[in-house]
Amino acid sequence: MTKKTLLKQAGDKLEKLPPDKIIEVMDFAEFLIAKTEAGLQNETLLKIAATSNAFAFVNEDKVEYTLADIKKSK
């Protein structure tokens, strides 16, 4: 279904509702919009973090102990 068709069907259904229920639908729509925008922001931040060198130091740490060291101490 196209977005235009969905909007038409939603409008037709909304016309059958009393005003207080339409307000509930609008509140829910605002919640979904905020949730979607937050998800997009999180995705953007993850992409920035993944391509950033801010955490490069994690990969530079020298390995101090190995599995062999653990086995020796048993």
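Cut-offs applied
Residues numbered from 1 in each chain as written. Predicted model: local features only at pLDDT ≥ 70, side-chain atom pairs only at ≥ 80, totals over all residues. Heavy atoms only, no water. Helix = DSSP H or I, 4+ residues; strand = E, 2+ residues; numbered from the N terminus. Rg over C-alpha atoms; globule rule 2.2 N^0.38 Å. Buried < 20%, exposed > 50% of the residue type's maximum accessible area, 1.4 Å probe, protein only. Lys, Arg positive; Asp, Glu negative; His and termini not counted. Charge placed at Lys NZ, Arg CZ, Asp CG, Glu CD. Salt bridge = Lys/Arg side-chain N within 4 Å of Asp/Glu carboxyl O. Patch = residues over 30% accessible without salt bridge, like charges linked within 9 Å, V, L, I, M, F, W, Y side chains within 5 Å. Areas by Shrake-Rupley, 256 points an atom, 1.4 Å probe, with all protein chains shown as cover. pLDDT = per-residue confidence, 0-100.

J.: Tell me what's going on with the overall build of the protein, and back it up with residues and numbers.
T.: When you go through the protein residue by residue, the secondary structure sums to four helices and zero strands. Secondary structure of the protein in N-to-C order comes out as α-α-α-α. Over its C-alpha atoms the protein spans a radius of gyration of 26 Å, topping by over 25% the 11 Å that the globule rule assigns to 74 residues. Viewed in the frame of its principal axes, the protein has a C-alpha envelope of about 75 × 30 × 25 Å. Within the protein, the proportion of its 74 residues that are buried is 0%. In the protein, 12 positive and 12 negative side-chain charges are present, and the distance between their average locations comes to 8 Å.

J.: Outline the pattern of salt bridges, supporting the account with residue identities and numerical values.
T.: Counted under the stated rule, the structure contains two salt bridges. Here K8 and D12 are joined by a salt bridge, their closest N and O atoms 2.9 Å apart. Note that K8 and D12 are positioned in helix α1 (residues 3–15) at a spacing of four residues, about one turn of the helix. Look at D12 and you get partly exposed, because its relative accessible area is 32%.

J.: Outline a nonpolar patch on the surface, supporting the account with residue identities and numerical values.
T.: A surface patch of nonpolar side chains, amounting to about 300 Å² of accessible area, comprises F28, F31 and L32. Along the chain, F31 turns up in helix α2 (residues 19–51).

J.: Go over the confidence of the model for the protein with me, naming the residues and quoting the values.
T.: Chain-level pLDDT for the protein is 88 on average; 97% of the residues reach the 70-or-more range. Mean pLDDT across the secondary structure elements of the protein bottoms out at helix α3 (residues 57–60), with 75, and peaks at α1, with 96.

J.: Quick one: what's the story with the environment of A68, residue by residue and with numbers?
T.: If you trace the backbone, A68 turns up in helix α4 (residues 67–72). For A68 and E24, which are 44 residues apart along the polypeptide, the C-alpha to C-alpha distance reads 63 Å.

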